[in-house]
Structures are given as C-alpha cells and as structure tokens.
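Working through the structure, step by step
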Amino acid sequence: MSVDQAMVKRVARLARIKVKDEDVPRLAGELNAILSFVEQLNEVDVSGVEPLTSVVAMKMKMRDDVVTDGGIPKDVTKNAPASEDDFFMVPKVVE
C-alpha cells in the first residue's frame, strides 16, 4: 500500500491533526517507510511460535479468590454526597 499526499491530508483530517502543507510530502514518505517495514514483518514465518503474554517466561501471580464485604463500609461511603445504611444514594434517573 502506498500513501500519497491526499491520503496524508485525509488521515490528518480524520485524526483531527493540523498538518501544514509543506509537511505533507515528508509525512507521506514517513508513512510509506512505516508501511514497508510492516510488510517486511508480514514476511516472517511465525507458524511455530506460540503467542506470548511477556517476553520473559514467567508464571502469572495469582491471589486467592475470596469474596469479602471489604470490612470498611463507613470509610467507603464517607465521601459520598449522600449515603444510607452504608449504601450510596443516587438521584432517580428513570421515571
């Protein structure tokens, strides 16, 4: 895929980025260089490579899945504009 100056202007308009007319040719060249690099990456054979969550082999830290009430309902609701019986009170929005 090749990016021309019209495409650069269109992408800039869609991204709401102000681009000066004298910068458009340079940006077109930079975008073409980026796209050619991505095309090079598409040529790499990754059929035998497993997806990774990290570049370092490690086991994810797990914590016990315990249900609690938090034990501090007064602290949780003390900054609320309105609360009752340790619950947040909100204005009615549906009639």
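Residues numbered from 1 in each chain as written. Predicted model: local features only at pLDDT ≥ 70, side-chain atom pairs only at ≥ 80, totals over all residues. Heavy atoms only, no water.

The next thing to look at is the overall build of the protein. In terms of helices and strands, the protein carries three helices and two strands. Helices and strands in the protein line up, N terminus first, as α-α-α-β-β. For the protein, the C-alpha radius of gyration of 27 Å lies well beyond 12 Å, the compact-globule estimate for 95 residues. Overall, the protein is about 65 × 45 × 25 Å in size when its C-alpha atoms are taken along their principal axes. Here the protein holds 95 residues, and 7% of them are scored as buried. (Helix = DSSP H or I, 4+ residues; strand = E, 2+ residues; numbered from the N terminus. Rg over C-alpha atoms; globule rule 2.2 N^0.38 Å. Buried < 20%, exposed > 50% of the residue type's maximum accessible area, 1.4 Å probe, protein only.)

Next up on the list: the pattern of salt bridges. One pass over the structure, following the stated rule, counts three salt bridges. Among the ionic pairs, D23 bridges to R26, the shortest N-O distance being 3.8 Å. In this structure R26 comes out as partly exposed when scored by relative accessible area, which is 45%. Measuring nitrogen to oxygen at the nearest pair gives 3.0 Å for the salt bridge that ties E30 to R26. One end of the pair, E30, and the other, R26, are both in helix α2 (residues 24-42), four residues apart, so they sit about a helical turn from each other. When salt bridges that share partners are traced, they join D23, R26 and E30 into one network. (Salt bridge = Lys/Arg side-chain N within 4 Å of Asp/Glu carboxyl O.)

Considering every residue of the protein, the mean pLDDT works out to 89; 100% of them sit at 70 or more. Element-level pLDDT for the protein is lowest in helix α3 (residues 73-77), with a mean of 88, against a maximum mean of 95 in helix α1 (residues 5-14). (pLDDT = per-residue confidence, 0-100.)

Between α1 and α2, whose axes approach to 9 Å, the crossing angle comes to 95°. Viewed along their axes, α1 and α2 adopt a mutual orientation that is roughly perpendicular. For the pair α1 and α2, the contacting residues are Q5, V8 and K9 in the first and V24, P25, L27, A28 and L31 in the second. Classifying every residue of the contact of α1 with α2 gives six nonpolar, one polar and one charged. (Axes fitted to C-alpha atoms, helices over the stretch in contact; angles between N-to-C directions. Parallel < 35°, antiparallel > 145°, perpendicular 65-115°, else oblique. Contact = heavy atoms within 4.5 Å. Nonpolar A, V, L, I, M, F, W, Y, C, P; charged D, E, K, R; others polar.)

Moving on to unusual backbone geometry. Even without being a glycine, R16 presents a positive backbone phi close to 60°. Tracing the backbone shows R16 in the loop between α1 and α2. Residues other than glycine seldom take positive phi values, yet D85 does so here, at roughly 50°. With respect to the element layout, D85 can be found in the loop between β1 (83-84) and β2 (87-88).

Before going further, it helps to examine the environment of F87. You can see F87 is positioned in strand β2. Each C-alpha atom, one on F87 and one on D23, is 56 Å from the other, the two residues being 64 residues apart in sequence. Leaving out residues up to four positions away in the same chain, F87 has contacts with T77 and A82.

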